[in-house]
Amino acid sequence: MILTVTLNAALDLTYRLPEVRPHASNRVRTVSGQAGGKGINVARVLAALGHAATVTGLVGGPTGRAVRAELAEAGLPDELVEVAGETRRTVAVADDRDTTVLLEPGPEISPPEWRRFLAHYEHLLPGASVVVLSGSLPPGLPVDAYRGLAERARAHGVAVVLDADGPALVRALPARPAVVKPNAHELAAATGTADPAEGAERLRVAGAEAVVASFGPDGLLALTSEGRWRARPPEAVAGNPTGAGDAVVAALALGLATGLPWPERLRRAVALSAAAVLAPQAGRFDAEAHHRLLALVRTEELGRTHPQGEACP
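Rules used in this analysis
- Residues numbered from 1 in each chain as written.
- Predicted model: local features only at pLDDT ≥ 70, side-chain atom pairs only at ≥ 80, totals over all residues.
- Heavy atoms only, no water.
- Axes fitted to C-alpha atoms, helices over the stretch in contact; angles between N-to-C directions.
- Helix = DSSP H or I, 4+ residues; strand = E, 2+ residues; numbered from the N terminus.
- Parallel < 35°, antiparallel > 145°, perpendicular 65-115°, else oblique.
- Left-handed = near helix turned anticlockwise from the far one by under 90°.
- Contact = heavy atoms within 4.5 Å.
- Nonpolar A, V, L, I, M, F, W, Y, C, P; charged D, E, K, R; others polar.
- Core = buried A, V, L, I, M, F, W, Y, C linked by side-chain atoms within 4.5 Å.
- Buried < 20%, exposed > 50% of the residue type's maximum accessible area, 1.4 Å probe, protein only.
- Phe/Tyr/Trp six-rings, centres within 6.5 Å; stacked < 30°, edge-to-face > 60°.

Draft legend 1. View of the packing of helix H3 (residues 111–124) against helix H4 (residues 145–155). Two elements in contact, H3 and H4, have axes whose closest approach is 11 Å; the angle formed by their N-to-C orientations is 25 degrees. Relative to H4, the element H3 lies roughly parallel. For the pair H3 and H4, the crossing hand works out as right-handed. On H4, the residues that touch Trp 114, Phe 117, Leu 118, Tyr 121 and Glu 122 of H3 are Ala 145, Leu 149, Arg 152 and Ala 153. Of the residues assigned to the contact of H3 with H4, the class counts are seven nonpolar, no polar and two charged.

And the structure:
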């Protein structure tokens, strides 16, 4: 079982319309909603791939109840912990050209609520093969929250895939997550360099066992103890990119759980990410496109990794 942690769960609303006109009234064509937050999106992708995934994290209030009801309807095992505050909502406004996402901050988490979650998390770890820690931290949590969760997983012999940014990412690195997956902006912000290879190496020096950086239509760059690779999609795809990174994380977690070689992990991650862009909502992917692209993605080995340089600031 892969355990996904979503500390700042959400009810994701998607508004679709032909064109968004700024500073004007816009008539929405369709509205859809589902439980969201990056870890929940990852679990949804894993379930669609036929792999067992359990959702944990924090939810509260009427919106939290709506999140849990949708998870039950989707058949995703729910081990979420209730808090007093109201779970946030996110709104993705998608037209025929692009998507704009509005993100609420989430509820304030009290120290007793955090301690209650930690106890529940420890209870779940023995049944997990991989833990996915992804997404933003809600107000009230310590900036090193992911470090504590990663250390607990490591103590149970459970590998960690981390998808975070800013201080939450940097502070978690000494816990030696098995895989860290920043995007281009997150990588540059965390490491202070615009050079992707140098930035990824800085994250490895700081503690990450492997770094897989995502560059949207330009694919993935992976730096690991076994080597360096680039993997690119065979063609450009247009659609809703909001769930593409979560699809990459799902593929990397599944590859880690099943022991796939790195080139195969990356090939599957790129194909799944591109197929997710073609789906209308995060956490989903176009199965037909996924099958077609999987046969076309190619990986390029860049040479073995030689740790050097400085850690990220």
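Draft legend 2. Expanded view of the nonpolar core. Membership of the largest hydrophobic core comes to 48 residues, with the highest contact counts inside it found for Val 67, Leu 71, Val 212, Leu 252, Trp 262 and Leu 266. Counting residues in each nonpolar core, the second largest holds 43 residues, with Leu 58, Val 83, Leu 124 and Ala 145 among its members.

Draft legend 3. Molecular detail of the packing of aromatic side chains. Overall, the coordinates contain two aromatic pairs when judged by the stated rule. Judged by centre distance (5.6 Å) and plane angle (15 degrees), the ring pair of Trp 114 and Phe 117 falls under stacked. Of this pair, Trp 114 and Phe 117 both sit in helix H3, three residues apart, which is roughly one turn of the helix. Each ring, one from Phe 117 and one from Tyr 121, has its centre 6.0 Å from the other, and the planes form 25 degrees; the classification is stacked.

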